[in-house]
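# Structural overview
The chain contents come next:
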Amino acid sequence: MANKERLIKYFFTFTGVLSIIFLLGIFFLLLYNSVPAFRKIGILEFFTSARWNPTSYTKPTYGILSLVVSTLMVTGGAMLISVPLGISCAAYLAEVATPMVREIVKPIIEVLAGIPSVVVGFLGIVLVGPAIAKIFNLPNGLNAINGSILLAIMSLPTIISISEDAITSVPEEYKMASLALGATRWQTLWKVVIPASSSGIIAAIMLGVGRAVGETMTVLMATGNAPAMPHSFLDSVRTMTATIAIELGEVPYNTTHYYALFVIGLVLFCITFAVNLTSDIVLHKHQEKLGT
Amino acid sequence: MKKIKEKLGFTILGLATVVVLFILGVILYDISSKGISVISWEFLTQPPKAGMTKGGILPAIVGTLYVSLITVLFSVPLGICAAIYLNEYAKKSTLTRIIRVSIRNLAGVPSIVYGLFGVVLFVQMFKFGTCILSSGLTLGLLTLPWTITASEEALRSVPNSYREGALALGATKWQAIRTNVLPYALPGILTGTILGLARAAGETAPILFTGVAFFLPHLPGSIFSQFMALPYHLYILATQHPAIEKVRPLAYGTALVLILLVLSLNSVAIFIRYYLRRKRRG
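Residues numbered from 1 in each chain as written. Chains lettered and ligands numbered in written order. Predicted model: local features only at pLDDT ≥ 70, side-chain atom pairs only at ≥ 80, totals over all residues.

## Topic: the packing of helix α6 (residues 132–156) of chain B against helix α8 (residues 173–202) of chain B
Residues and elements named next belong to chain B. Where α6 contacts α8, the axes come no closer than 8 Å and their chain directions differ by 150°. Relative to α8, the element α6 lies roughly antiparallel. For the element pair α6 and α8, the recorded crossing hand is right-handed. Across the interface between the two elements, Leu139, Thr143, Trp146, Thr147, Ala150, Ser151, Glu153, Ala154 and Leu155 of α6 pack against Val181, Ala185, Gly188, Ile189, Thr191, Gly192, Thr193, Leu195, Gly196, Arg199 and Ala200 of α8. The residue inventory of the contact of α6 with α8, partitioned by class, reads 10 nonpolar, eight polar and two charged. (Axes fitted to C-alpha atoms, helices over the stretch in contact; angles between N-to-C directions. Helix = DSSP H or I, 4+ residues; strand = E, 2+ residues; numbered from the N terminus. Parallel < 35°, antiparallel > 145°, perpendicular 65-115°, else oblique. Left-handed = near helix turned anticlockwise from the far one by under 90°. Contact = placed C-beta atoms within 7 Å. Nonpolar A, V, L, I, M, F, W, Y, C, P; charged D, E, K, R; others polar.)

## Focus on the interface of chain A and chain B
Between chain A and chain B, the residue contacts involve 67 residues of the former and 68 residues of the latter. The dominant element in the side of chain A that touches chain B, judged by the number of residues it contributes, is helix α1 (residues 2–41) of chain A, at 17 residues. Of the residues that constitute the side of chain A that touches chain B, the class distribution is 45 nonpolar, 17 polar and five charged.

## Comments concerning the environment of B:Gly192
All names here are of chain B. Within the element layout of this structure, Gly192 appears in helix α8. Taking the C-beta count within 10 Å as the criterion, Gly192 has 26 such neighbours and is therefore assigned buried. Considered as a pair, Gly192 and Asn266 are 74 residues apart in the sequence and their alpha carbons are 9.9 Å apart. (Buried ≥ 20, exposed ≤ 12 C-beta atoms within 10 Å, placed from the backbone.)

## Considering the nonpolar core
Membership of the largest hydrophobic core comes to 175 residues, with the highest contact counts inside it found for A:Val119, A:Phe122, B:Leu234 and B:Ala255. It is helix α3 (residues 58–89) of chain B that provides the largest number of residues to this core, a total of 15 residues. Setting aside anything within four residues of it in sequence, one finds B:Leu234 in contact with A:Val118, A:Phe122, B:Ala251, B:Thr254, B:Ala255 and B:Leu258. (Core = buried A, V, L, I, M, F, W, Y, C linked by C-beta atoms within 7 Å.)

## Topic: unusual backbone geometry
For residues that are not glycine, phi is negative in most cases, and the peptide bond is trans in most cases. One non-glycine residue with positive phi stands out, namely A:Asn225, at about 60°. Tracing the backbone shows A:Asn225 in the loop between α10 (217–222) and α11 (240–247). Positioned with a positive phi, B:Lys127 is a non-glycine residue whose angle comes to about 60°.

## Some remarks on helix α3 (residues 65–96) of chain A
Residue and element names in this part refer to chain A. When the terminal C-alpha atoms of α3 are compared, their 44 Å separation across 32 residues agrees well with the 46 Å that a helix rising 1.5 Å per residue should span. At Ser82, α3 shows its maximal kink, close to 30°; a proline, Pro84, follows between one and four residues later. Of all 32 residues in α3, 23 are buried; the element is thus mostly enclosed. (Expected span 1.5 Å × (residues − 1). Bend = angle between axes of the 7 residues up to and from the residue.)

This is the structure in structure tokens:
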């Protein structure tokens, strides 16, 4: 009997440990498949050259700099939109809205989180693109700013729900103390509540960044995918995720080009891992500080 | 003066919320107003015809359902077991902390990276080839962190007295979990499962290279066949089709079916959770 109990316990422990194995497995498989490309091309060229042209007949080049810059640019643009919008919305839901409004709006935001990225990308083509083309007088609207708008939409639910949790978790005494000193609710919100929840809000923003960096279908459909160093938000750009999505289907397995795509995957993994781990640590500190 | 500032500030925050809701409204309105006229019995029950310019999307609907089924069969049992470990057995230790960090990081791995992983592991190493099984397992890995988190939350909501009651009657720990804890947590686990299913049904990037096909004239015969899927079909119609303008209505129709599928799954889950909360509050 006790033996059986112990076996059961070991079994559940194993399934728990599987998460670590999967995470390490993803990392090592990416690394393992990147090594042949590093050997052939050299790590330096990957990260210092901006020319990505692996299918060139005469001299294929594998610089991922322009892809990295494109990803960061589109993500940065997205955050300029979604951070102010998301935090304002979170502050409204947590501090201003009546309980009934909150009960209604929160599930609606979950619905927004559930919209598949391919649908958002489709709207980038049929709605956002034509609008951008009209406003800026361009032949088409498939460019970095389109991608930024769509990624802002994709990252909003994450930013809103995590910041709202952070703002709600600020102890009632903090607010009471501020109000008792004669501060208005607005002053209390800005000078007390937001600063007290700042680490949670930072974690929310970082998770939003992680989401935007890793998004594939929306940017693939809406940014035009020209593999060159972008100069402005009105340029067509090609992100790291889009490059993998476009090229993996066309290359034969186990060629240098194939392995080079795993290098991009490895870089993506490292960026999102760093972002997520940081937000995790920040959030953990936040919870300890507030004693929850 | 202070009062005016406060009013103004709160109005701006309210406006931000309205903007967010407006975005969702535009998405839903545009897709449904332009997609509704395309949806007919034929659209839902026929394969694409005449080079995908006519006919329906039946193979894509069926393909998405098959793949989601594999996804759930893989990630739900595993997710529940991992959650049982975390909530019932694990003590506060470094190992538990690392497991939790891993789960949260798995949730943040880009979906296209899961696609790369699926190609290497399932398509090449396990030699499944590009098929429903490879795609389903890849999506299963992707949804696993969500299933674990949702199941753990469900287990955490089970009052301790349920466990203690069983233990006091001489039940072993596993008996207590099986007979008292799991049944109580089941609706919550179901919610998580449905949300995972909705997520898997809408994903495109992980299936791109693990089994989805541009066009298949017939329904998939086994889990080792390639398949069509709703999100990929929408991607094809929106960007890859030779007559993009001509098939735009079909793209809207496909988008609407996909959204309806995902949203109805989401609303079922939200409804179950809402109902549970009310019931438990008494």
